[in-house]
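Structural overview
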Amino acid sequence: MRIGILGSGLMGGKLGTLFARAGHEVVFSYARSDQKLKRLAREAPLDSLRSLGTAQGNARAGTPSEAARDADALLLAVHWSRVDDVLKQAGDVSGKVIVSCSLPMNDADDTLVVGHTSSGAEEIARKVPGGAVVSAFGTVPSEVLFGVFEARRKARRPSLVYCGDEARSKEVAAELIRDVGFEPVDAGPLRIARYAEPFTLLVAQLAYEGDEGPELAYRFEWFGK
Ligand SMILES: NC(=O)c1ccc[n+]([C@@H]2O[C@H](COP(=O)([O-])OP(=O)(O)OC[C@H]3O[C@@H](n4cnc5c(N)ncnc54)[C@H](OP(=O)(O)O)[C@@H]3O)[C@@H](O)[C@H]2O)c1
């Protein structure tokens, strides 16, 4: 797949790198430094392609509109306060699958500013008419992503919940979730993000305030099967 990364920070930089290592074509965009985007593009590709240099590698740096153009899927990974700006720069995203890990947090990053009767994911869907939004990856800390990828051949993968309203875009998201090394758990329609987004604050509490460090993932198990 061709994947445009809108927001190349902790989440976008790492997920874009892992998508590239899983064999996808990736365009990193939206950071305050072009040098950072270029470095991500240089370092992301598969070892076999990296040795050929960036020109032939499967990752490159670009603007949000370049990332969106020709993309099969977009990863939206910016702070809530930057969502409007990055979407404006991306331009027309109708018909695109938009996988969002962005949480509707306040500027201090300690409170959800949307909840109960809506979710960040639903608000984003309203901003991109014609785009197919799937909420995914937002329920785990960035620190665990590389470890999950490295352990992807082990039998028991960690879970990752995702939700969305459109079957085709959910299939794309599930494929990307598997590529990173998680077992996708379909939580239903996009409005289920109302439950998933507060759950993330619990995960963050355990990851950042617990004694075991932030490399934390979760696994749901169904007993009685
Ligand atoms: N971090 C986590 O573990 C985690 C986990 C779950 C969900 N989330 C959610 O995922 C989203 C992304 O989080 P993150 O931690 O990846 O954020 P981040 O590290 O701050 O990355 C955001 C990206 O946006 C860029 N950016 C910010 N302001 C900009 C501007 N004015 N112009 C251009 N680029 C700008 C940043 O540029 P620079 O690279 O130059 O800073 C960075 O590349 C958030 O909504 C967050 O709540 C994060």
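Below is a summary of the structure that appears in this document.

Definitions and cut-offs
Residue numbers restart at each chain and count upward from 1, following the sequence in its written direction. With pLDDT at 70 or above as the cut-off, local features in this predicted model cover only qualifying residues; side-chain atom pairs require 80 or more to be listed or tallied, and sums for whole chains, interfaces and linings still use all residues. Hydrogen atoms and water are omitted, and side-chain values are computed over all heavy atoms in the structure. A run of DSSP states H or I qualifies as a helix once it reaches four residues; a run of E qualifies as a strand once it reaches two. Both are numbered from the N-terminal end. Exposed residues in this analysis have more than 50% of their type's maximum accessible area, buried residues have under 20%, and partly exposed residues fall in between, with area computed by a 1.4 Å probe over protein chains only. Side-chain atoms alone can form a polar contact between residues adjacent in sequence; in general such a contact is a pair of N or O atoms within 3.5 Å, and within protein one must be able to donate a hydrogen while the other accepts it. Ring pairs shown here join Phe, Tyr and Trp side chains whose ring centres sit within 6.5 Å, with only the six-membered ring taken for Trp; geometry is labelled stacked below 30 degrees between planes, edge-to-face above 60, and tilted in between. Distance and angle both matter: a charge sits over a ring if NZ of Lys or CZ of Arg is within 6 Å of the ring centre and within 35 degrees of the ring normal.

Right, let's talk about the side chain of S102 for a bit. Along the polypeptide, S102 turns up in the loop between β5 (97–100) and α6 (120–127). Under the relative-accessibility criterion, S102 is labelled buried at 5%. Side-chain polar atoms of S102 contact the backbone oxygen of V78, separated by 3.1 Å.

In this structure the tally under the stated criterion is five aromatic pairs. Between the aromatic rings of F220 and W222, the centroid separation amounts to 6.4 Å while the plane-to-plane angle is 70°, which identifies the pairing as edge-to-face. Given the relative accessible area of 36%, F220 is considered partly exposed. By relative accessible area, which is 55% here, W222 ends up exposed. Every member of this aromatic cluster is reached through a ring pair, and the members are F199, Y218, F220 and W222. Its guanidinium or amino end placed over the ring of F149, R152 lies 3.8 Å from that ring's centre, counting from NZ or CZ.

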